[in-house]
Amino acid sequence: KNDGIAIAIPHSEHKLTRTYKGKGIKTAILDKNRAFEDVLKDDLVDLRNIGGSKYDNSIKQIIKEYEDLGMLKKGELTLNKIKKLVNNERTNFETESNWQNANGIHK
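Think of each chain on its own: its residues are numbered from 1, step by step along the sequence as written. Reporting of local features is limited, given that this is a predicted model, to residues whose pLDDT is at least 70; pairs of side-chain atoms are given and counted only at 80 or more, and all residues count toward the totals for whole chains, interfaces and linings. Only hydrogens and water are set aside; all other atoms, that is, all heavy atoms of the structure, feed into the side-chain values.

1. Topic: the side chain of Thr 17
By the criteria applied, helices consist of DSSP H or I runs no shorter than four residues and strands consist of E runs no shorter than two, each listed in order from the N terminus. Along the chain, Thr 17 turns up in the loop between helix H1 (11-14) and helix H2 (21-31). When accessible area is computed with a 1.4 Å probe and restricted to protein chains, residues below 20% of their type maximum are described as buried, those above 50% as exposed, and intermediate ones as partly exposed. For Thr 17, a relative accessible area of 9% translates into the label buried. Any pair of nitrogen or oxygen atoms within 3.5 Å is treated as a polar contact; in protein, a donor-acceptor pairing is required on top of that, and neighbouring residues in sequence qualify only through side-chain atoms on both sides. Of note is the side chain of Thr 17, whose polar atom sits 2.8 Å from the backbone oxygen of His 14. Look past the residues within four positions of Thr 17 in its chain and what remains in contact with it is Ile 9, Lys 23, Asp 46 and Ile 50. Any two residues having at least one pair of non-hydrogen atoms within 4.5 Å are treated as being in contact.

In structure tokens form, the structure reads like this:
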């Protein structure tokens, strides 16, 4: 938390992130033993889900800075990979929701 790269986003969007307040405590516990690349990927997917394309330049800059620091292999994460993951999540969610609706399951 104290030594990562951050961007400024409106509070209304920050509240939606996986790392905000109570969610952040749970996320930190779950992320504790995960690979840095996986945690970063989840954070960038989260940012893209919340802000859409308006944060694309920030996502590219974050990836580049971590590559420059040697914390991320060049090309391991790209904006296109993040976009694909976001699209896959939406497809999975839509498929699950459609299946639940078709089978009378309501959450």
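2. Quick look at the pattern of salt bridges
One side-chain nitrogen of Lys or Arg within 4 Å of one carboxyl oxygen of Asp or Glu is enough to make a salt bridge. Applying the stated rule across the entire model yields nine salt bridges. For the salt bridge of Asp 31 with Arg 18, the shortest nitrogen-to-oxygen distance reads 2.6 Å. Here the residue Asp 31 occupies a position in helix H2, and Arg 18 occupies one in the loop between H1 and H2, the gap between them amounting to 13 residues. As far as burial versus exposure is concerned, Asp 31 and Arg 18 are alike and both buried. Ionic pairing is found between Asp 31 and Arg 34, a salt bridge with its closest N-O pair at 2.8 Å. A cluster of three or more residues bridged by salt bridges with shared partners is formed by Arg 18, Asp 31, Arg 34, Lys 41, Asp 42 and Asp 43.

Honestly, that's just the spatial picture; any functional story needs more than this.
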